[in-house]
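Structure assessment
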Amino acid sequence: TETPKGELFIGEYGNVIKNKKWKFVGYIYYSFDGGNSWKKIDFLKKAGINKHVHILKWSNVINGLILTDGDNQKNMWMNTSKTQFEKPSLSPNSGWKKINRYHIDKGGFTGVAELNDKIIFGSDYNGGTNFLISTSDMIKFDEKVIPSPYRRAIFNRIAIRINEKNEYEIWSAIQFKHSGRVKSLVMLSTDIGKTWKKIIEYDGTHFEVLMISNSREIAKKLYLLIINKNENIATTMYIHS
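In short, a report on the structure.

Rules used in this analysis
Residues numbered from 1 in each chain as written. Predicted model: local features only at pLDDT ≥ 70, side-chain atom pairs only at ≥ 80, totals over all residues. Heavy atoms only, no water. Helix = DSSP H or I, 4+ residues; strand = E, 2+ residues; numbered from the N terminus. Rg over C-alpha atoms; globule rule 2.2 N^0.38 Å. Contact = heavy atoms within 4.5 Å. Areas by Shrake-Rupley, 256 points an atom, 1.4 Å probe, with all protein chains shown as cover. Lys, Arg positive; Asp, Glu negative; His and termini not counted. Charge placed at Lys NZ, Arg CZ, Asp CG, Glu CD. Core = buried A, V, L, I, M, F, W, Y, C linked by side-chain atoms within 4.5 Å. Buried < 20%, exposed > 50% of the residue type's maximum accessible area, 1.4 Å probe, protein only. Pairing = 2+ DSSP bridges. Axes fitted to C-alpha atoms, helices over the stretch in contact; angles between N-to-C directions. Polar contact = N/O pair within 3.5 Å; in protein donor to acceptor, adjacent residues only side chain to side chain. Phe/Tyr/Trp six-rings, centres within 6.5 Å; stacked < 30°, edge-to-face > 60°. Lys NZ or Arg CZ within 6 Å of the ring centre and 35° of its normal.

1. Remarks on the overall build of the protein chain
Looking only at helices and strands, the protein chain has one helix and 20 strands in total. Since a compact globule built from 241 residues should have a radius of gyration of about 18 Å, the 18 Å found for the protein chain is in line with a globular shape. Expressed along its principal axes, the backbone C-alpha trace of the protein chain runs to roughly 50 × 45 × 40 Å. Across the protein chain, contacts joining residues at least 24 apart in sequence account for 41% of those joining residues at least 6 apart. If you sum the accessible surface of the protein chain, you get close to 12900 Å²; carbon and sulfur atoms cover 50% of it. Charged side chains of the protein chain number 36 positive and 24 negative; the gap between the two group centres comes to 5 Å.

See the structure below:
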């Protein structure tokens, strides 16, 4: 992600087992010179996180950074300090404040986008119950349960697009790879997440549809990568009407 000042942040992700335990691969990398040099930040490791980073994103709504980790603890953090990126804190103005207290509070999200004054998160309870969560202040959260046959599918991305009529659209992709009974879906909302339309429904054991757009600005084009697992081929398409 990139801050308005041009600072760059990368969150590390991986699934690595060493000596029958998860190896920590959740470092944050920070650059203030356009990527010419990087500083490695290990605050998640010091906080006892045992896996990886899911989301690291600058938020205009909170004027700061949002971070989620997974998979075991599923925490969510925020940092509005602008300078203190290496330590947890009870206040987001002084470092990384943990938002959720327990796993059951939901966190560790894998999808995030924001529109107007609302931040929208998608959960990653693989094989469990998944949710769309929205907030305007990172204090109060509204949730919607994803219904069957998609309930067990996890979010891989949420993105905002503006169409040719200058209307905002929220696009989201949820997927489940382990059973054809749980459907995967690309869906669309034109009313800021109140209602959703099915765009592409598919069997995640045979196909995969990934939203690969990640522009900091709201764009008119949305790119999808469609993978045929059976034939090991893929194609990229974009939505632009």
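2. Regarding the nonpolar core
Residues Ile28, Phe43, Leu44, Leu67 and Trp96 are the most contacted members of the largest nonpolar core, which totals 17 residues. Contributing elements (two or more residues each) for this core: strand E4 (28–31), helix H1 (43–46), strand E6 (52–59) and strand E7 (64–70). When residues of this core are assigned to their parent elements, the largest contribution, three residues, is made by E6. Those residues within four positions of Phe43 in sequence are excluded, and the remaining contacts are Ile28, Leu67, Trp77, Phe85, Glu86, Lys87, Pro88 and Trp96. One finds Ile120, Ile146, Tyr150 and Met187 within the second-largest nonpolar core, a separate group that totals 16 residues.

3. Some details on the sheet that holds strand E1 (residues 8–11)
Sheet architecture is open: three strands sit in the order E1-E4-E5, paired in antiparallel fashion. Looking at strand neighbours, the two that pair on one side only are E1 and strand E5 (39–41), the edges of this open sheet. Along the sheet, successive strands turn relative to each other by an average axial angle of 25°, direction set aside. One ladder, built from three bridges, connects E4 with E5; its direction is antiparallel. Within E5, the residue paired with Ile28 across the bridge is Ile41.

4. Focus: the environment of Trp38
The topology assignment puts Trp38 in the loop between E4 and E5. C-alpha separation for the pair Trp38 and Phe9, spaced 29 residues apart in sequence, amounts to 9.1 Å. Setting aside its immediate chain neighbours within four residues, Trp38 contacts Leu8, Ile10, Tyr29, Tyr30 and Ser31. A polar contact of 3.1 Å, which involves the side chain of Trp38, links it to the backbone oxygen of Gly35.

5. Things to note about the packing of aromatic side chains
Under the defined criterion, the tally for this structure stands at nine aromatic pairs. Taking the centre distance of 4.8 Å and the plane angle of 25° together, the rings of Phe9 and Tyr30 count as stacked. Taken together, the positions of Phe9 in strand E1 and Tyr30 in strand E4 put the pair 21 residues apart, joining distant regions of the chain. By relative accessible area, which is 13% here, Tyr30 ends up buried. Here Phe109 and Phe121 contribute two aromatic rings whose centre-to-centre distance is 5.0 Å and whose plane-to-plane angle is 25°, an arrangement assigned as stacked. Of this pair, Phe109 sits in the loop between strand E9 (97–98) and strand E10 (111–115) while Phe121 is found in strand E11 (residues 118–122), placing the two residues twelve residues apart along the sequence. Of the residues examined, Phe109 reaches a relative accessible area of 2% and is grouped as buried. With a relative accessible area of 0%, Phe121 lands in the buried category. Through a chain of ring-to-ring contacts, three or more aromatic side chains come together here, namely Phe9, Tyr30, Phe32 and Phe85. Seen from the ring of Trp22, Lys51 lies directly overhead, with NZ or CZ sitting 3.6 Å from the centre.

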